[in-house]
Amino acid sequence: MTACFVLSSSPSKTITQHSTQLFSSSGLVDIQAISRDTPGSSYDLLLDWLRAKGATVNDNLCFQPSSRGGGYGAFVTDNVAKGEILVEIPRSACVTLDNVKNDPDSGEVFQKLMTQAGPGGNTVALAGILAKKRLVALAKGSEAIEYGPYFDTLPWERGINSQEHMLFWSDEDVDTFMKGTMCYSEAKSLREEVDLAISVLNKIIGKSILTARGELSETDSGFNFPWDPKPEPLKQIIDGLPEAVRGAFVCLLTRAFQDGDDDDEDAEKLVPWLDMLQHSDEPNIRHAMRKDDGTVEVRAGRDLQAGEELFNQYRSEKDETMPYHRFFTRYGFVPGIEENIADLLKDKSSIFVAQKAEV
Ligand SMILES: C[S@@+](CC[C@H](N)C(=O)[O-])C[C@H]1O[C@@H](n2cnc3c(N)ncnc32)[C@H](O)[C@@H]1O
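Every residue gets a number counted from 1 within its own chain, in the order that chain's sequence is written. This being a predicted model, a pLDDT of at least 70 is required before a residue's local features are given, and a value of 80 or more before pairs of side-chain atoms are given or counted; all residues contribute to the totals for chains, interfaces and linings.

For the protein, an unreviewed UniProt entry supplies the name Inherit from fuNOG: protein-lysine N-methyltransferase activity and the organism Seminavis robusta.

In structure tokens, the structure reads:
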């Protein structure tokens, strides 16, 4: 799973609300209190869609609440032998930088952004295409977009499948809970980059979204008679765009994969189904992209017993560049920790605050 970016649910989706407690006088609300599960029917539609795209999905698989907390995960319903194919996901089902470059409305501008904006440009462009499709789906229904059934399983908002992420927090909560911790400067700079991306993407995808909403004609050439009032639709950030871009960044940071080197096509991409797996430092699957056609193969990494949850390793927990506090800023969780993260931040847990050596 990549770590490249240094630099409302769709109308058809029913959401189960576990609690009515949405606000807290002390700021951040416990993520479990606002957790909303993606309905099982969305996963049935996702699997139907994947099969229609040519994916192979082993019959002995299901999605269920994870045994590690943090939403859903994938499980085997029967014994599966080491090396057996679990899923083969064709490239056409993945969201890649090809989708960005070939976007009929904004592909050219995205390409410029990717070549001129440095390494973070890929992430911003991918976030742009995700946010655009999300907002078009909200305007016209998810059947109006390619990837609709997949997009209906993604964590666009805080609390969907218990998804936590500091990009969803208010500035005030970031200051209250993170100031003085090892997360603070990284969290602030990531949030600044996302704010910048929001204003850049507003100019690139705004017109397509207003057109989908019927607020701008598709044939609007930009020409006006001098006596016509000048339309200035993109002077302001359009409604819903900041939330969609933030949701897109959360999807990329927590679910994107890398196949190959940074320079090749798949420096960053979304792979449906594979991105439902939870993290473990002892993964029991392996995945690889077939070079000939870009299909992603997922195989059992060892013999699996019926009922076992499948785990992928996002990043090694021993990787010095990914200490536990960074797991939180990047992925929205800390491996092995099920307590309320806000409490740990407030209590200056050693996960988040460097301890001074005793003299
Ligand atoms: C790639 S998604 C996995 C699928 C996700 N749980 C869902 O329901 O859509 C990554 C997110 O799952 C959760 N997660 C993954 N592994 C976890 C673990 N070991 N412990 C707690 N939460 C985990 C975190 O919220 C993380 O951001």
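This part is about the overall build of the protein. A count of helical and extended segments in the protein gives 10 helices and 10 strands. Of all 359 residues assigned to the protein, the portion counted as buried reaches 40%. The helix count covers DSSP runs of H or I at least four residues long, the strand count covers runs of E at least two residues long, and both are numbered beginning at the N terminus. Put simply, a residue is buried when 20 or more other C-beta atoms lie within 10 Å of its own C-beta and exposed when 12 or fewer do; between those, it is partly exposed, and each C-beta is set from the backbone.

Before going further, it helps to examine the site of the ligand. Around the ligand sit 19 residues in total, of which Gly70, Gly71, Tyr72, Asn161 and Gln278 are the nearest. Among the elements of the structure, strand S5 (72-76), helix H8 (241-255) and strand S7 (278-279) are those that each provide at least two residues to the shell around the ligand. Residues were grouped as follows: Ala, Val, Leu, Ile, Met, Phe, Trp, Tyr, Cys and Pro as nonpolar; Asp, Glu, Lys and Arg as charged; and all remaining residues, including Gly, as polar. Of the residues belonging to the shell around the ligand, the class tally is 5 nonpolar, 11 polar and 3 charged. Any residue whose C-beta atom, as placed from the backbone, lies within 6 Å of a molecule or strand is termed near it.

Among the nonpolar cores identified, the biggest contains 89 residues, and Ile89, Ala127, Ala131, Val245, Ala248 and Phe249 are the most heavily contacted of them. Considering each element in turn, this core owes the most residues, 11 residues, to helix H4 (residues 120-140). Once C-beta atoms are placed from the backbone, any two residues with those atoms within 7 Å are in contact. Discounting residues that sit within four places of it in the chain, alanine 248 has contacts with Ala127, Leu130, Ala131 and Arg134. By our criterion, buried Ala, Val, Leu, Ile, Met, Phe, Trp, Tyr and Cys residues that link up through C-beta atoms within 7 Å make up a nonpolar core.

Moving on, we come to the sheet that holds strand S3 (residues 56-57). Strand order across the open sheet formed by 4 strands is S3-S6-S9-S8, with antiparallel pairing between neighbours. The outermost strands of the open sheet, each flanked by one partner alone, are S3 and strand S8 (285-289). With 5 bridges connecting them, S8 and strand S9 (residues 296-300) associate as antiparallel partners. Residue pairing for S9: isoleucine 285 is matched across the bridge by alanine 300. At least two DSSP bridges between two strands are required for those strands to pair.

What follows deals with the packing of helix H3 (residues 107-116) against H4. Two numbers describe how H3 lies on H4: the axes approach to 7 Å, and their chain directions differ by 155°. By the angle between their axes, H3 is roughly antiparallel relative to H4. Listed contacts from H4 to Phe110, Leu113, Met114 and Gln116 of H3 are Gly121, Asn122, Val124, Ala125 and Gly128. Grouping the amino acids of the contact of H3 with H4 by side-chain chemistry returns 5 nonpolar, 4 polar and no charged. In this description, a line fitted to the C-alpha atoms serves as the axis of each element, helices being fitted only across the stretch in contact, and the angle between N-to-C directions of two axes falls anywhere from 0 to 180 degrees. For classification purposes, angles smaller than 35 degrees are called roughly parallel, those larger than 145 roughly antiparallel, those between 65 and 115 roughly perpendicular, and all remaining angles oblique.

This part is about the environment of tryptophan 156. Structurally, the position occupied by tryptophan 156 is in the loop between helix H5 (148-151) and helix H6 (171-178). Separated by 45 residues in sequence, tryptophan 156 and glutamine 111 have C-alpha atoms that sit 25 Å apart.

The next subject is the packing of helix H7 (residues 184-212) against H8. Interhelical geometry of H7 versus H8 gives an angle of 120° and a closest axis separation of 10 Å. Taken as axis vectors, H7 and H8 run oblique relative to one another. Crossing of H7 against H8: the hand is right-handed. Contact residues: H7 offers Val194, Ala197, Ile198, Leu201 and Asn202, while H8 offers Leu241, Pro242, Val245, Arg246 and Phe249. Whether a crossing is left-handed or right-handed is set by the direction in which the near helix is turned from the far one by less than a right angle, anticlockwise for left-handed and clockwise for right-handed.

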